[in-house]
Amino acid sequence: MIEAKHLYKNFGSLKVLKDISLNVEKGEIIAIIGPSGSGKSTFLRCLNRLEEPTSGHVYIDGEDIMDSKIDINKIREKVGMVFQHFNLFPNKTVLENITLAPLKLKGLTKEQAEKRAFALLKRVGLEDKSQVYPSKLSGGQKQRIAIARALAMEPEVMLFDEPTSALDPEMIKEVLDVMIDLAKEGMTMLIVTHEMGFAKNVATRVLFMNEGTILEDARPKDLFENPQNARTKDFLYKVLNK
Amino acid sequence: MLEYLEFLKWIFFDQNRYVYILDGLLFSLATTLAAAVIGLVLGILLALLAISHFYPFKHKKGWEKFNPLSKLAFAYINVIRGTPAVVQLMIFANVIFVGYLRDTPILVIASLAFGINSSAYVAEIIRAGIEGLDKGQMEAARALGMPYSLSMKEIIIPQAVKKILPTLVSEFIVLLKETSIVGFIGGIDLLRSANIITSQTYRGVEPLLAVGVIYLILTSAFAVFMRKIERGLRERD
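Each residue is numbered by its place in its chain's sequence as written, counting from 1. Chains and ligands are labelled by the order in which they are written, letters from A for the one and numbers from 1 for the other. It should be noted that, the model being predicted, local features are given only for residues of pLDDT at least 70 and side-chain atom pairs only at 80 or more, the latter also being counted only at that level, while totals for whole chains, interfaces and linings use all residues. Hydrogens and waters are ignored; side-chain quantities use all the structure's heavy atoms.

Trainee: Explain the overall build of chain A to me, please; I cannot follow it from the model alone.
Mentor: Helical segments are the DSSP runs of H or I of at least four residues, strand segments are the runs of E of at least two, and each set is numbered from the N terminus. Summing up its helical and strand segments, chain A has 9 helices and 10 strands in all. Using C-alpha atoms as the atom set, the radius of gyration is obtained and then compared with a globule rule of 2.2 Å times the number of residues to the power 0.38. Taken against the 2.2 N^0.38 rule, which gives 18 Å for 242 residues, the C-alpha radius of gyration of chain A at 18 Å falls within 12% of a compact globule. Each principal axis of the C-alpha distribution contributes one length, and for chain A these read about 55 × 45 × 35 Å. Split into buried and exposed, the 242 residues of chain A put 56% on the buried side. Should any heavy atoms of two residues lie within 4.5 Å, those residues are counted as being in contact. Once local pairs closer than 6 in sequence are excluded, the contacts in chain A between residues at least 24 apart make up 65%. Computed with a 1.4 Å probe, the accessible areas rest on the Shrake-Rupley method; for each residue, only the protein chains presented here act as cover. If you sum the accessible surface of chain A, you get close to 10800 Å²; carbon and sulfur atoms cover 48% of it. Computed over 35 positive and 34 negative side-chain charges, the separation of the two mean positions in chain A equals 2 Å. Relative accessibility thresholds used throughout: buried, under 20% of the residue-type maximum; exposed, over 50%; partly exposed, between the two (1.4 Å probe, protein chains only). Only four residue types enter the charge count: Lys and Arg as positive, Asp and Glu as negative, with His and the chain ends excluded. One atom stands in for each charge, and that atom is NZ of Lys, CZ of Arg, CG of Asp or CD of Glu.

Trainee: Teacher, can you tell me more about the interface of chain A and chain B here?
Mentor: By convention, interface size is frequently given as the accessible area that disappears when the constituent parts associate. Contact residues are listed per partner, giving 24 residues for chain A and 20 residues for chain B. Once two parts are put together, the accessible area they lose, assessed with a 1.4 Å probe and summed over both, is termed the buried area. In total, about 2000 Å² of surface goes out of reach between chain A and chain B, with carbon and sulfur atoms giving 56% of it. Here a salt bridge means any side-chain nitrogen of Lys or Arg lying within 4 Å of a carboxyl oxygen belonging to Asp or Glu. Taken together, chain A and chain B are joined by 3 salt bridges. We note a salt bridge from Glu154(B) to Lys104(A), for which the minimum N-O separation is 3.3 Å. Throughout this description, a polar contact denotes any pair of N or O atoms lying within 3.5 Å of each other; where both atoms belong to protein, one of them has to be capable of donating a hydrogen while the other can accept it, and for residues adjacent in sequence the pair is counted only when both atoms sit in side chains. For the pair chain A and chain B, the interface holds 8 residue pairs in polar contact (both at pLDDT 80 or more). Taken together, the elements giving at least two residues each to the side of chain A that touches chain B come down to α2 (72-78), β6 (79-82), α3 (94-105) and α5 (139-151) of chain A. Residue contributions to the side of chain A that touches chain B peak at 4 residues, all from α3(A). Residues are grouped as follows: Ala, Val, Leu, Ile, Met, Phe, Trp, Tyr, Cys and Pro are nonpolar; Asp, Glu, Lys and Arg are charged; every other residue, Gly included, is polar. The residue inventory of the side of chain A that touches chain B, partitioned by class, reads 13 nonpolar, 5 polar and 6 charged.

Trainee: Even after reading the chapter, I still don't get unusual backbone geometry, so can you show me in this structure?
Mentor: A negative phi angle is the norm for most residues apart from glycine, just as the trans form is the norm for most peptide bonds. Residues other than glycine seldom take positive phi values, yet Glu211(A) does so here, at roughly 45 degrees. Topologically, Glu211(A) is positioned in the loop between β9 (205-210) and β10 (213-218). What makes Glu211(A) exposed here is its relative accessible area of 56%. The backbone phi angle of Asn16(B) is positive, close to 50 degrees, even though this residue is not glycine.

Trainee: Mind showing me how you'd approach the packing of aromatic side chains here?
Mentor: Ring pairs (aromatic) are described by centroid distance and by the angle formed between their planes. All names here are of chain B. Between 30 and 60 degrees the pair is tilted, below 30 it is stacked and above 60 it is edge-to-face, where a pair is any two Phe, Tyr or Trp rings, Trp via its six-membered ring, whose centres lie within 6.5 Å. Counted under the stated rule, the structure contains 8 aromatic pairs over all chains. Measuring from centroid to centroid gives 6.3 Å for Tyr-4 and Phe-7, while their planes differ by 45 degrees, and the two rings are tilted. Separated by 3 residues within a single helix, Tyr-4 and Phe-7 lie in helix α1 (residues 2-13), roughly one turn from each other. Among the residues examined, Phe-7 registers a relative accessible area of 27% and is labelled partly exposed. One aromatic cluster in this structure is built from Tyr-4, Phe-7 and Trp-10. Looking at Lys-60, its charged tip hangs above the ring of Phe-57, at a distance of 5.6 Å from the centre. Put simply, a charge is over a ring when the Lys NZ or the Arg CZ is close to the ring centre, within 6 Å, and near the line of the ring normal, within 35 degrees.

Trainee: I keep staring at the sheet that holds strand β3 (residues 29-33) of chain A and nothing clicks. Help me out?
Mentor: Hydrogen bonding along the main chain pairs the strands of a sheet, whether they run parallel or antiparallel. Residue and element names in this part refer to chain A. In this description, strands pair whenever DSSP reports at least two bridges between them. Spatially, the 6 strands line up as an open sheet ordered β6-β7-β8-β3-β9-β10, and their pairing is mixed. Each edge of the open sheet carries a strand with a single partner, namely β6 and β10. Each neighbouring strand pair of the sheet contributes to a mean axis angle of 20 degrees, computed without reference to strand direction. With 5 bridges joining them, strand β7 (residues 157-161) and strand β8 (residues 188-192) adopt parallel strand pairing. Its bridge partner being in β8, Phe-160 is matched across the sheet by Ile-191. The axes used here are C-alpha line fits, helices contributing only the stretch in contact, and every angle between their N-to-C directions lies in the interval 0 to 180 degrees. Across the sheet, α5 touches β6 and β7, and the angle it forms with β6 is around 170 degrees. In the packing of helix α6 (residues 169-184) onto the sheet, contacts are made with β3, β7 and β8, and the angle to β8 comes to roughly 145 degrees.

Trainee: Looking at this structure, I do not really get the sheet that holds strand β1 (residues 2-11) of chain A. What am I missing?
Mentor: All names here are of chain A. With antiparallel pairing, the 4 strands of this open sheet are ordered in space as β2-β1-β4-β5. In this open sheet, the two edge strands, each paired with only one partner strand, are β2 (14-24) and β5 (63-64). Relative to β5, strand β4 (residues 55-60) runs antiparallel, the two being bridged by 2 bridges. Paired with Tyr-59 across the bridge in β5 is Asp-64.

Trainee: What exactly am I supposed to notice about the packing of α3(A) against α5(A) here?
Mentor: When two helices pack together, their arrangement is given by the angle between their axes and by how far apart the axes lie. Residue and element names in this part refer to chain A. Orientation of α3 relative to α5, taken along the N-to-C sense of each, is 25 degrees, at an axis distance of 8 Å. With respect to α5, the axis of α3 lies roughly parallel. Crossing of α3 over α5 shows right-handed handedness. Contact with α3, carried on its side by Val-94, Asn-97 and Ile-98, involves Ile-145, Ala-148 and Arg-149 of α5 and no other residues of that element. The scheme is simple: roughly parallel for angles under 35 degrees, roughly antiparallel for over 145, roughly perpendicular for 65 to 115, oblique for anything else. For a crossing to be left-handed, the near helix must be turned anticlockwise from the far one by less than a right angle; the clockwise case is right-handed.

Trainee: Explanation requested: the pairing of β8(A) in the structure shown.
Mentor: The side chains of a regular strand alternate, residue by residue, between the two faces of the sheet. Residue and element names in this part refer to chain A. The element β8 is largely enclosed, with a buried count of 5 among its 5 residues. Because side chains alternate across β8, one face comprises the buried residues Thr-188, Leu-190 and Val-192, and the other comprises Met-189 and Ile-191, equally buried. Where β3 meets β8, 4 bridges bridge the pair, whose relative direction is parallel. Paired with Ile-30 across the strands is Leu-190, a residue of β8. Convention used here: a crossover is right-handed provided that the path from the first strand, over the helix, to the second strand proceeds clockwise when the strands point away from the viewer. In this view, the connection linking β7 to its parallel neighbour β8 by way of α6 has right-handed handedness.

Trainee: Help me understand helix α9 (residues 230-240) of chain A in this model?
Mentor: An α-helical turn contains 3.6 residues, so a residue and the one three or four places further along point in the same direction. All names here are of chain A. The complete set of buried residues in α9 reads Thr-232, Phe-235 and Leu-236. Across the axial projection of α9, the buried residues extend over an arc of 95 degrees, all falling on one side. Every exposed residue of α9 that faces more than 90 degrees away from the buried side is listed here: Ala-230, Tyr-237 and Lys-238. If you follow the buried residues of α9, they end up packed against β3, α7 (196-201), β9, β10 and α8 (220-225). For α9, the side-chain oxygen to backbone nitrogen distance between the N-cap and Arg-231 is 2.9 Å, and the N-cap itself is Asn-229. The arc refers to the directions leading from the helix axis to the C-beta atoms.

Quick look at the structure:
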């Protein structure tokens, strides 16, 4: 479903991604862990070309998104994204945040879009917030709305870029619960995260990234209980025993 | 006291001299309004050029980051902001509008000169407003599949307008006051009307004060009006 081939990304002289290749099948839930600055977020952002790879290819449903003739906007409709800082639109209500893209891009009528939005709001447990502006929401609520907004486009895959890193500890669970539900429904997900419990219990596959490469790619049980690489061992020791 | 009021009455109302002030006021307001419209339209265009992502040579080594549109906009802004308005005004009147164009009304020349002058400042205000927004807003819109133009229209511009408005208002207040240099090219505005009354009455203080008070009333009224609009915009979020 998603295939990355020999991705490189440089920021000036800084090499952030060095030859990353990855194949993601439908229904996989992939947690990407690793130290700060290892290129996790950059890699995720290359998958919908929010970040322009320096070289390499990304195929989504077989289409090369690096092809200059491709309509990247059509591809992005299939790839939902959730950000660390939510990035809700402050000038729009919760309902408008969710219905904007489906109305403008999918040709839905207002009733259809709103019906879909209310179903999603119910799913993330925030039906009563439809008329509220984002500034009135807590961090956890904002992130749940951001997930609903991405889901409103009915994407085939969801990218999560550290979705709980900016949240108060108490609010992390409410967001993870929504993500767990999504995983149970069979959504294909790539999640950059520092939540090791989530990576261990929910993911079907865990990638450990370090200095721009994927050092380890394994089932969660294997990676957490029997890491092969010394750097992985060191990282896990530090984050699990803090 | 009563004597002085009689005196004021003589200065301003004898031979209907207040009409000079009314005519001057009309000239100042018309120039400001026309210049503001020109400045706003040109300024928006310039700002869009300045922030554009137009890299025609991105496959040529060393030229990847060369954006001719943005370079052009910045060069324009630099020249206009780097020279005094009065110099620009006089260049327009004495260098450009000569020969066939000699009979162009001063109102038109002044509006163009002030409009072009203002556009550079407006462009910088708008550019700073847009670039000051959280980058995540554009990213979120693009990640949903919205094209650049739609993201600008729905997300970026509405937020930028709110941020820009107060600075834009002060730019237009500056513009109104700046039109008082139009006397240099023979325009008869509010300030010149005071000079005319002085020349007829030999009283320098009262006409100047009267004109100053009129400027103050105009700018204050404008500021209050805009603050009302701002408050209305802010209530939404």
